[in-house]
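Residue-level listing of the chains:
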Amino acid sequence: RSHLFYVGQRNNSEFTNFELKLYIKTEKGANSGVYFHTAWQKKGWPAQGYEVQVNNSHSDWRRTGSLYAVLDVRDSSAKDDEWFTETIAVQGKQITVRVNDKIVVQYIEPETVDYPGMPGRRLSSGTFCLQGHDPQSVVCFKNIFVKPLP
């Protein structure tokens, strides 16, 4: 596995409220994800923030657009070998995920959260991370846009 963290100058790599839009293409069997409110770390799965799934046909049943292990989607609104968009918006305690402009997840984080095995899974602030899940997962990202929101 491998992860690509945003460490650029925009907002000093710290985002709280934002809209992130990515163009993505997966090959058959690919598994990936987009983390937000996370922090750079040298190894392991990102321990902080949430993950939005990128998976149209991998054996993991959580499909593209899932708020991984929080609010999961069983059917993908995207297809392998075709470019699609995934848009993640965070405003306060609300997370909205769109795939090809269709809302697939709307989630409001409760006052207290406890996701077993994931103590850092909560809204706060942080950077973004693109997941390279495994060597067999071929995923392309392009035209990545972020807009900070008040």
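Please refer to the structure higher up on the page.
Student: Now, about the overall build of the protein: what can you tell me, with residues and values included?
Tutor: Scanning the protein from terminus to terminus reveals zero helices and nine strands. Taken from N to C terminus, the helices and strands of the protein fall in the order β-β-β-β-β-β-β-β-β. In terms of C-alpha radius of gyration, the protein reaches 14 Å, essentially the compact-globule figure of 15 Å for 150 residues. Summarising its shape, the C-alpha atoms of the protein cover approximately 35 × 30 × 30 Å along the three principal directions. Burial analysis of the protein (150 residues in total) assigns 45% to the buried set. Sequence separation of at least 24 residues holds for 65% of the intrachain contacts in the protein that already meet a minimum separation of 6. Accessible area for the protein stands at about 7900 Å²; split by element, carbon and sulfur atoms hold 50% of it.

Student: I'd like a rundown of the pattern of salt bridges, residues and numbers included.
Tutor: The final tally for this structure, using the stated rule, is two salt bridges. With a closest N to O distance of 2.9 Å, Asp-72 and Arg-62 form a salt bridge. A residue pair is termed long-range when its members are at least 10 positions apart, and Asp-72 in the loop between β4 (50-54) and β5 (84-91) and Arg-62 in the loop between β4 and β5 qualify at ten residues. Note on Asp-72: relative accessible area 25%, which makes it partly exposed.

Student: Got a sec to walk through the nonpolar core? Specific residues and values, please.
Tutor: Counting 26 residues, the largest nonpolar core has Phe-18, Phe-36, Tyr-50, Leu-67 and Ile-95 as the members making the most contacts within it. Considering every element that reaches this core, the biggest residue donor is strand β2 (residues 18-26), with four residues. Residues within four places of Tyr-50 in sequence aside, it is in contact with Val-34, Tyr-35, Phe-36, Leu-67, Val-70, Ile-95, Tyr-107, Glu-109, Tyr-115, Arg-121, Arg-122 and Leu-123.

Criteria and cut-off values
- Residues numbered from 1 in each chain as written.
- Predicted model: local features only at pLDDT ≥ 70, side-chain atom pairs only at ≥ 80, totals over all residues.
- Heavy atoms only, no water.
- Helix = DSSP H or I, 4+ residues; strand = E, 2+ residues; numbered from the N terminus.
- Rg over C-alpha atoms; globule rule 2.2 N^0.38 Å.
- Buried < 20%, exposed > 50% of the residue type's maximum accessible area, 1.4 Å probe, protein only.
- Contact = heavy atoms within 4.5 Å.
- Areas by Shrake-Rupley, 256 points an atom, 1.4 Å probe, with all protein chains shown as cover.
- Salt bridge = Lys/Arg side-chain N within 4 Å of Asp/Glu carboxyl O.
- Core = buried A, V, L, I, M, F, W, Y, C linked by side-chain atoms within 4.5 Å.

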